[in-house]
Structure formats: C-alpha cells, structure tokens
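# Breakdown of the fold
Next come the chains, spelled out residue by residue.
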Amino acid sequence: MISDKHIVLLVGGVGGAKLAYGMAKILPAEQLTIIVNTGDDFWHYGLRICPDLDTITYTLGGVVDPHNGWGLAGDTRQTMKSLKHFGADPWFGLGDRDLATHLFRTQLWHEKISLTQITQQITEAFGIKHTILPMTDAPVPTLVETIERGTLGFQEYFVKYRWQPTVTHIYSAGIEQTTISPQVQEALNRADAIVIGPSNPWLSINPILSVPGMRAMIEKGDKPRIAMTPIIAGNAVKGPTAKIMRELGYKVTAHTVCEFYGSSINGFIIDECDKDLGEIFSTPTLAIDTLMDTNEKRVQVARETLNWIKEIR
Ligand code: FO1
C-alpha cells in the first residue's frame, strides 16, 4: 500500500468519478487531491453550473444519482416542469435539490469568491474531507465545432444535441489567459504521483492539461504519472469518446489514447481484454479489469492503480 504518498487525480465527470470514489475509499484526505475539468461549466437561467465538480462532489458525498451518474439521488424535476408553463424548453435537466447547489454557488460567484473557495464550501457541506479543486478559477468554456450545427457550447453539444453532430474541432476558449490557482500549484508541487482518470481525453482531460503551466508542472521531476484508458475493446464504456475519436480521424484504440497523452504520462493502464492486441506502447503498461460497474470494483481498480504506482517508482 501507498502509506504516506500524496496522489493527484485528474478527472472529468461520470467516468472519472468512479476512480475518484475508489481512491477516496483507500486514501486519507491528506493523501488525495482531485483536480476537476471545468470546461463543461456554463451559465444557464442565470446560474453558474459546474457539472463535473458536482458529479465528483455528489459521488464522493455518497448522494449521486446511481442511474445517471450525475445529479442527486431521488431528486425531482418540479422546477423544470414549471418552466414549461412559460414556453421554455428545459433541455438541461436540473433537479430541484440540485438547484440549491447552483443557487448557492452563483450567489458566492457574484460576491467574487473564487470557484476554488466556493467548491471547498460545497464539498464540506456534503461531508467530503478530500480536496476537490477546479482546474482553474476563470471560466474556460469548451467549444465544439461541428459540421451540422456550427460551433456549440459543450452542454449544447452534449445534452441538447445528444452528441450527435459531427465534431471537427474542440477547443477551450480563453485558456491562454488562465493561470493555475495557488491551490492546484501547491497540490502538484506536493504530488508523489499523478493519475489521469478514465475520462474523455479530448473533452475532459485535455482542458486540464491545457491550462498554461499545467503540463510542465505535471512532467516536472521523475514522479509516476499514469493514465487509465477510457477505451475498452475499441469502444467507450459510456459517452461520446469513441465517436469523437473517429470523427477527429483517430483509430479507436487504447493505444491512440496513450499516444495522445504523450510525454504527460510515463505509465498507462489498459483493460485486460486489450492486452493481446499486440499494440506497442511507448510507455510501460499495466493490464487490469478497468470496468468499474460496482463500488467494490471502483475500490479494486483504485487499489491496483495505487499498487502499480508503488512498483514503477
Ligand atoms: N447530462 C445529460 O445528459 N442530460 C442532462 O439533462 C444533464 C443535466 C445535468 C445537470 C447537472 C449536472 O451536474 C450534470 C448534468 N448532466 C446532464 C451531466 C453533464 O452534462 C455531463 O455529465 C458532463 O458535463 C460531462 O462530463
């Protein structure tokens, strides 16, 4: 076991939350910091919505909707239904209790409290001891250029159009002007190892790595920095990863993901069902059962990941 090491985990939403859950069950609060993609964040009905931060928070807080993997378990949609009275099309499903999180965050946002500090207050309210940090405090919306619908905000692409438009380009608007927050800097300086969760590399992880200075901080020194594939047997467990890879001209394999991360990683975890594909990886690999469909398997995958980190050090 990793007895006194500090692990920094980089994640997006639902997929990454599973590994975050497993790690948080094994590591005490002072040994795990989770850095979360904020490219999916947007304004909706005047509210600041941060889906990936909330997904990680609700998952670690044990209150996430188990069916969707986002939102609160047992939440209702009365407010969304009422919006229809005004002729609105509530295409983004905000639960009634989930709305309280957005109201609270938006109020503090207007009081000029940083997203890092707001997130700390929200996570504490959900009883979470581990540190969950937004990748940066400034808004850096992910924009998706598509053939059929032009340039879309991430949630329009993902939820409104159900990731059906053909993607030609993905970018983070204004990323060059952002900076790493002191809290992210401190976490990375203290890190003994960095783990990139099985989130979408293009939509969720690349925005984090693209914050100016982030890649350099991650690659500093010779600490283990390993990524877990979101691609198993040529497909994504959930979501648009495989479709986007095809549309951007990539072969849909774990190998492509590994190459995409390049020098940001020095170890790569593939699924055991891909271990006989004969692909030559440019970095050491570990093949395990990566499917995290139960809480027990989330802990098991986290444990195997942490044990491997110890080995490759
Ligand atoms: N995903 C959907 O597919 N449909 C929704 O209506 C939806 C609402 C929603 C509300 C709050 C929240 O925190 C997440 C929500 N998500 C919804 C998930 C979200 O769009 C994606 O999981 C992430 O942005 C991708 O990581």
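So, a few notes on the structure that sits alongside this text. Every chain is numbered on its own, with residues counted from 1 as its sequence reads. Side-chain atom pairs in this predicted model are given and counted only at pLDDT of 80 or more, local residue features only at pLDDT of at least 70, and totals for whole chains, interfaces and linings cover all residues. Side-chain numbers come from the whole structure's heavy atoms, not from hydrogens or water.

## Concerning the site of the ligand
Going by this rule: Nearness is judged by heavy atoms alone; a residue qualifies as near a molecule or strand once a single heavy atom is within 4 Å of it. Here a polar contact means two N or O atoms within 3.5 Å. Within protein one must be a hydrogen donor candidate and the other an acceptor candidate, and residues neighboring in sequence count only if both atoms are side-chain atoms. Per-residue accessibility takes into account occlusion by the displayed protein chains alone, with areas from the Shrake-Rupley method and a 1.4 Å probe. Under the DSSP-based scheme used, a helix requires at least four consecutive residues in state H or I and a strand at least two consecutive residues in state E, with every element numbered from the N terminus. When residues are sorted by character, Ala, Val, Leu, Ile, Met, Phe, Trp, Tyr, Cys and Pro go into the nonpolar class, Asp, Glu, Lys and Arg into the charged class, and all the rest, Gly among them, into the polar class.
Taken together, 14 residues form the shell around the ligand, and within it Asp-40, Asp-52, Phe-92, Gly-93 and Gln-155 come nearest. Note that an oxygen atom of the ligand is positioned 2.8 Å from one of the side-chain N or O atoms of Asp-40. Taking Gly-93, its main chain carries an N or O atom lying 2.8 Å from an oxygen atom of the ligand. Within the complex, the protein chains bury 87% of what would otherwise be the 530 Å² of accessible surface of the ligand. Elements supplying a minimum of two residues to the shell around the ligand: helix 2 (51-60) and helix 6 (154-160). With four residues, the single largest contributor to the shell around the ligand is helix 6. When the residues that make up the shell around the ligand are grouped by side-chain class, the tally is eight nonpolar, three polar and three charged.

## Considerations on the sheet that holds strand 2 (residues 32-36)
Filter applied, for reference: Whether two strands pair depends on DSSP finding at least two bridges between them. Here the axes come from fitting lines to C-alpha atoms, over the contacting stretch only for helices, and the angles between their N-to-C directions go from 0 to 180 degrees. Whether two residues are in contact is decided by their heavy atoms: any pair within 4.5 Å suffices.
Spatially, seven strands are ordered 5-2-1-9-10-13-14 in an open sheet, and the strand pairing comes out parallel. Because the sheet does not close on itself, it has two edges, and the strands there are strand 5 (131-134) and strand 14 (285-288). On average, each strand axis in the sheet is inclined to that of its neighbour by 20°, with strand direction left out of account. Taken together, the four bridges between strand 1 (residues 7-11) and strand 9 (residues 193-196) define a ladder with parallel strand orientation. For Leu-9, the partnering residue across the bridge sits in strand 9 and is Val-195. Against the sheet, helix 11 (residues 254-261) engages strand 9, strand 10 (225-228) and strand 13 (267-271), with an angle of about 160° to strand 13.

## Observations concerning helix 5 (residues 115-125)
The criterion, for reference: The rule is simple: take the accessible area with a 1.4 Å probe, protein chains only, and divide by the maximum for that residue type; under 20% is buried, over 50% is exposed, in between is partly exposed. Here the arc refers to the set of directions running from the helix axis out to each C-beta atom.
Along helix 5, the positions that sit buried rather than exposed are Leu-115, Thr-116, Ile-118, Thr-119, Ile-122 and Thr-123. The buried residues of helix 5 occupy one face: seen down the axis, they fall within an arc of 160°. Where helix 5 is buried, its residues contact helix 2, helix 4 (96-110), strand 5 and helix 7 (182-190). Gly-127 sits one or two positions beyond helix 5 and adopts a positive phi of about 75°.

Honestly, it's all geometry; don't read function into it.
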